[in-house]
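Take a look at the letters that make up each chain.
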2 protein chains.
Amino acid sequence: MAEITIKYLAEKLNLAPSTVSRALNDSHEISSGTKEKVMALAKELNFQPNPYARSLREQKSKTIGVIIPERINNFFSQVIDGMEAVTKAHGYHLLVYNSNEDIEQEKTILSLLVGGRVDAIVMSISGQNQKGEHLKVLKNRAIPIVFFDRIPYDFPTTKLITNDYQAGYEGTVHLINKGCKKIIFLVLSKEVSIGKERMRGYLDALKSHNLPFDESWIVACGHSEIENIAHLEKVFYKIDRPDGVLASVEKLALATYRALAKTNIKMPEQVRMVSFSNMKIADLLCPPLSTISQPAIEIGVECANLLMKRLTKKGQPDLEDKIVTIPSVFTERESSR
Amino acid sequence: MAEITIKYLAEKLNLAPSTVSRALNDSHEISSGTKEKVMALAKELNFQPNPYARSLREQKSKTIGVIIPERINNFFSQVIDGMEAVTKAHGYHLLVYNSNEDIEQEKTILSLLVGGRVDAIVMSISGQNQKGEHLKVLKNRAIPIVFFDRIPYDFPTTKLITNDYQAGYEGTVHLINKGCKKIIFLVLSKEVSIGKERMRGYLDALKSHNLPFDESWIVACGHSEIENIAHLEKVFYKIDRPDGVLASVEKLALATYRALAKTNIKMPEQVRMVSFSNMKIADLLCPPLSTISQPAIEIGVECANLLMKRLTKKGQPDLEDKIVTIPSVFTERESSR
DNA sequence: TTGTACGCGTTATCAT
DNA sequence: ATGATAACGCGTACAA
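Residues numbered from 1 in each chain as written. Chains lettered and ligands numbered in written order. Predicted model: local features only at pLDDT ≥ 70, side-chain atom pairs only at ≥ 80, totals over all residues. Heavy atoms only, no water.

Named according to an unreviewed UniProt entry, chain A is LacI family transcriptional regulator originating from Belliella calami.

If you want it as structure tokens, here you go:
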């Protein structure tokens, strides 16, 4: 690890460590002469204060823990990019963990983090279960936490989501306007908050347009791509097959493309699709995919801003228990034309 | 930050802090009775040792710094996933930074890291300049570092890459076998190591098949998507336009799709393409893209293994100055059929 | 088997 | 304006 310390600089300069420390922190009670000398040597030797000694002393780590359910996903990458842009400016670091959609891993990661390793946490919880019981490790700790996208129901803190209900509603209406009568809804897990909200929008859209609805139109998928494709294939082989698809998650839209490729069903002629997705290349698919995309970078920026305000300013209150909604963007493409 | 400390546990149990410390570390010089008592209370209160106190004491952070030039990129996400899988098992944490393809940012991040914040670094350097002069902050430090994919030339340590030369050669031969006579090579920057190697393979393939070559067939692009598309459009508007494309980076293949969409040129009928890419949905593009994909997870795992061995075992020598090559995988699809 | 004392590198408090 | 000292929480050498 490090070699050059304040003590070392102090010896070299015949000063006390405390003086060097103050000089480095530009204290006003140090003569400009010594300040310059100290700064010069520090720069020459490329001195970096030991972050852990400092953390121990100041009781803060200048580090934010980020927990996401999946790393190979543009949405989460963009969110983290957004966060990093603002935390970097405040001298904060990002410890990033992938929970792999696994509650047990989330629990393990959380217990690792509450020991003081991070000053705050940003998290999108796994799709397995949204009850948030596994979050109770946090209950008695004072550590600020912000949830985004996939949020727990009963955890009192600030959460950031997109207007999932409205987007689900409008996506469905779009399909209805294109003539779809039997629109299915693809969801990863009925437990997940965003799935539920998007589904609510979907259901309300059907109802307000007096379309029939059958319980079987809600297609619950899993995390296995192969099983999802097989499952969807069956859905499309039914005599009374759907003519519209609203996918609540990008990977299910992709599974639909692959399932359709195994049939003779044409998109958009025989079935139209709209999907929640942050893919950059939706326009390059066959056919180009109509998307509802989330302002991911903005979400990341907003999460970080909330935390930076809470952490760097004095006398800040705890994070409010509220849900902040950021609008998503609908883009019509061939898949639903 | 944390509240429950060893001292606190010691008071509760009427023991000395050192005893508690030893019990928690399962020292053999502690009676099983006290051990159990200590463990029980620690578990009950969900005690987590303060990582920074420990780091300060032990002079190691159990943290690896990861620097990538781009976060919204499957390849890098996969590499990090691979790394995390092994570091997690060793109790190590990952501090991830995006240099945004910017040398200055790389420099800043590096100087942040050498202060002892991390025990080792894994890095893929930005495309701006591969000379690696900005890496000299590391020279006098003993910190182990591993480079992957985009590596510097003259930095003595272990580097991991894929068989870029061979893959470039074979991709080109594939296009030649399909009948292409005028194959252009798209590269982000002629400075980048991987670009150079892939280009070398491309050039050698042309030569060994006695195909003509023109300097203008090497198309150097930039980081601006819009400019790249405009540039490529011009390339395809030439009378003597290319009938084959080897893209050394995924984003340039995508730019090619978009450029072609603005013309009437058909792929693969009039121009065929092969690209280096780790996209999961290459099969869903119009037309599906022939890819040379890198074993990203394996690369991450390998990087981490190297470092874990170096860091967790005693008396390990410094990282060898060598280049490890892992083969990439070619998949033929419609774009080059 | 357990307790005491010290130091990791930093900064804040109290002296000078 | 500068120096001495203590403390953050942990682990270990030494003492008992």
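After presenting the structure, the write-up continues.
Put plainly, a disulfide is one covalent bond tying together the sulfur atoms of two cysteines. Counted by the stated rule, this structure contains one disulfide over all chains. Disulfide pairing is shown between A:Cys286 and B:Cys286; the S-S distance is 1.6 Å. A residue pair is termed interchain when its members come from two chains, as with A:Cys286 in the loop between strand 9 (272–276) and strand 10 (290–293) and B:Cys286 in the loop between strand 9 (272–276) and strand 10 (290–293). With no disulfide of its own, A:Cys221 has A:Cys180 as its nearest cysteine by sulfur position, at a separation of 18 Å. (Disulfide = S-S within 2.5 Å. Helix = DSSP H or I, 4+ residues; strand = E, 2+ residues; numbered from the N terminus.)

Let us now look at the sheet that holds strand 6 (residues 183–187) of chain A. Residue and element names in this part refer to chain A. Read from one edge of the open sheet, six strands run 7-6-8-9-10-12, paired in mixed fashion. Each edge of the open sheet carries a strand with a single partner, namely strand 7 (218–220) and strand 12 (329–331). Each strand of the sheet is rotated relative to its neighbour by a mean of 15°, with strand direction disregarded. One ladder, built from three bridges, connects strand 6 with strand 7; its direction is parallel. The residue of strand 7 that forms the bridge with Val 187 is Ala 220. (Pairing = 2+ DSSP bridges. Axes fitted to C-alpha atoms, helices over the stretch in contact; angles between N-to-C directions.)

What follows concerns the relation of the copies chain B and chain A. Note: a rotation about an axis with an accompanying shift along it relates these two copies of the chain. The transform that puts chain B on chain A rotates by 180° and translates by 0.1 Å along the axis, for an RMSD of 0.2 Å. On this basis, the relationship between the two copies can be described by a two-fold rotation axis. Looking at the interface residues of chain B, 96% of them are also at the interface in chain A, so both copies use one shared face. (Least-squares fit on C-alpha atoms with pLDDT ≥ 70 in both. Contact = heavy atoms within 4.5 Å.)

Another point: the nonpolar core. Within soluble globular proteins, side chains that are nonpolar generally end up buried alongside one another. Within the largest apolar cluster, 92 residues are counted, with the highest numbers of intra-cluster contacts made by A:Tyr202, A:Leu285, B:Tyr202 and B:Leu285. The next biggest cluster of nonpolar side chains, apart from the first, holds 52 residues, and it includes A:Ile64, A:Ile80, A:Val146 and B:Ala296. (Core = buried A, V, L, I, M, F, W, Y, C linked by side-chain atoms within 4.5 Å. Buried < 20%, exposed > 50% of the residue type's maximum accessible area, 1.4 Å probe, protein only.)

With that out of the way, let us pick up the side chain of B:Gln294. All names here are of chain B. By secondary structure assignment, the location of Gln 294 is in the loop between strand 10 and helix 11 (296–312). Separated by 2.9 Å, the side chains of Gln 294 and Asp 149 make a polar contact. When neighbours within four sequence positions are excluded, Gln 294 is seen to be in contact with Phe 75, Asp 149, Thr 162, Arg 198, Asn 278 and Ser 328. (Polar contact = N/O pair within 3.5 Å; in protein donor to acceptor, adjacent residues only side chain to side chain.)

Residue and element names in this part refer to chain B. For the peptide bond that leads from Met 267 to Pro 268, omega is 5°, which places it in the cis range. Within the secondary structure, Pro 268 is located in the loop between helix 10 (250–261) and strand 9. Phi is positive for Asp 149, close to 60°, though the residue is something other than glycine. Here Asp 149 is to be found in the loop between strand 4 (145–148) and strand 5 (158–162).

Around DNA strand D sit 27 residues, and of these A:Thr19, A:Arg22, A:Thr34, B:Ile6 and B:Arg57 come closest. Within the side chain of A:Ser18, an N or O atom sits 3.2 Å from a base nitrogen of DNA strand D. Contacts to DNA strand D include B:Ala53, whose backbone N or O atom sits 3.2 Å from a base nitrogen. Secondary structure elements with two or more residues in the surface near DNA strand D: helix 2 (17–24) and helix 4 (51–58) of chain A together with helix 2 (17–24) and helix 4 (51–58) of chain B. (Near = heavy atom within 4 Å.)

In this section: the environment of B:Asp204. Residues and elements named next belong to chain B. Position of Asp 204 among the secondary structure elements: in helix 8 (residues 193–208). Here the alpha-carbon distance between Asp 204 and Glu 70, two residues 134 residues apart in the chain, equals 30 Å. Excluding anything up to four places from it in sequence, Asp 204 contacts Tyr 165 and Tyr 169.

This part is about the interface of chain B and chain A. Each partner contributes residues to the interface: chain B has 56 residues there, and chain A has 54 residues. Summing both sides of the interface, chain B and chain A together bury roughly 5200 Å²; the carbon and sulfur share of this comes to 54%. Here chain B is connected to chain A by six salt bridges. With a closest N to O distance of 2.0 Å, A:Arg71 and B:Glu84 form a salt bridge. (Buried area = accessible area lost by both parts, 1.4 Å probe. Salt bridge = Lys/Arg side-chain N within 4 Å of Asp/Glu carboxyl O.)

Another aspect to go through is the pairing of strand 8 (residues 244–247) of chain A. All names here are of chain A. Burial of the side chains of strand 8 extends over both faces: Gly 244 and Leu 246 are buried on one face and Val 245 and Ala 247 on the other. Two strands pair when backbone bridges link them, and strand 6 and strand 8 are joined in this way by four bridges, in the parallel orientation. Paired with Ile 184 across the two strands is Val 245, which belongs to strand 8. Relative to strand 9, strand 8 runs parallel, the two being bridged by four bridges. Counterpart to Val 245 in the pairing with strand 9 is Met 273. Following the backbone out of strand 8, through helix 10 (residues 250–261) and into the adjacent parallel strand 9, one traces a crossover that is right-handed. (Right-handed = clockwise from strand over helix to strand, strands pointing away.)

Structurally, chain A comprises domain 1 (6–49), domain 2 (57–162 + 296–328) and domain 3 (164–293). Between the C-alpha centres of domain 1 of chain A and domain 3 of chain A the distance comes to 63 Å. (Domains from an automatic or database assignment.)

All names here are of chain A. Taken as a whole and assessed by the stated rule, the structure comprises 17 aromatic pairs over all chains. Ring centres of Phe 213 and Trp 217 lie 6.2 Å apart, and the angle between their planes is 85°; this geometry places the pair in the edge-to-face category. Grouped by ring-pair contacts, the aromatic residues Phe 185, Tyr 202, Phe 213 and Trp 217 constitute a single cluster. Sitting above the plane of the Phe 276 ring, Arg 198 keeps its charged end 3.8 Å from the centroid. (Phe/Tyr/Trp six-rings, centres within 6.5 Å; stacked < 30°, edge-to-face > 60°. Lys NZ or Arg CZ within 6 Å of the ring centre and 35° of its normal.)

Attention shifts here to a positive patch on the surface. All names here are of chain A. A surface patch of like charges, here positive, comprises Arg 54, Lys 60, Lys 62 and Lys 314. The residue Lys 60 is located in the loop between helix 4 and strand 1 (63–68) in this model. In this structure Lys 60 comes out as partly exposed when scored by relative accessible area, which is 34%. (Patch = residues over 30% accessible without salt bridge, like charges linked within 9 Å, V, L, I, M, F, W, Y side chains within 5 Å. Areas by Shrake-Rupley, 256 points an atom, 1.4 Å probe, with all protein chains shown as cover. Lys, Arg positive; Asp, Glu negative; His and termini not counted. Charge placed at Lys NZ, Arg CZ, Asp CG, Glu CD.)

This part covers helix 8 (residues 193–208) of chain A. Residue and element names in this part refer to chain A. For helix 8, spanning 16 residues, the distance from its first C-alpha to its last is 23 Å, which sits close to the expected 22 Å at 1.5 Å a residue. The set of residues buried in helix 8 consists of Ser 193, Ile 194, Gly 195, Arg 198, Met 199, Gly 201, Tyr 202, Ala 205 and Leu 206. Those residues of helix 8 that are buried are in contact with strand 5 (158–162), helix 7 (164–177), strand 6, strand 7, strand 8 and strand 9. Count one or two residues on from helix 8 and you reach Asn 210, which has phi positive near 55°. (Expected span 1.5 Å × (residues − 1).)

Quick look at the protein's contact with DNA strand C now. Taken together, 27 residues are adjacent to DNA strand C, and A:Ile6, A:Arg57, B:Ser18, B:Thr19 and B:Arg22 come closest. Near the protein, meaning within 4 Å, the atoms of DNA strand C are sugar or phosphate in a fraction of 62%, with bases accounting for the rest. Here a phosphate oxygen of DNA strand C sits 3.0 Å away from a polar atom, N or O, in the main chain of A:Asn50. In the environment of DNA strand C, a phosphate oxygen lies 2.9 Å from a nitrogen or oxygen atom belonging to the side chain of A:Arg54. For the surface near DNA strand C, the secondary-structure elements that each account for two or more residues are helix 1 (6–13), helix 2 and helix 4 of chain A together with helix 2 and helix 4 of chain B.

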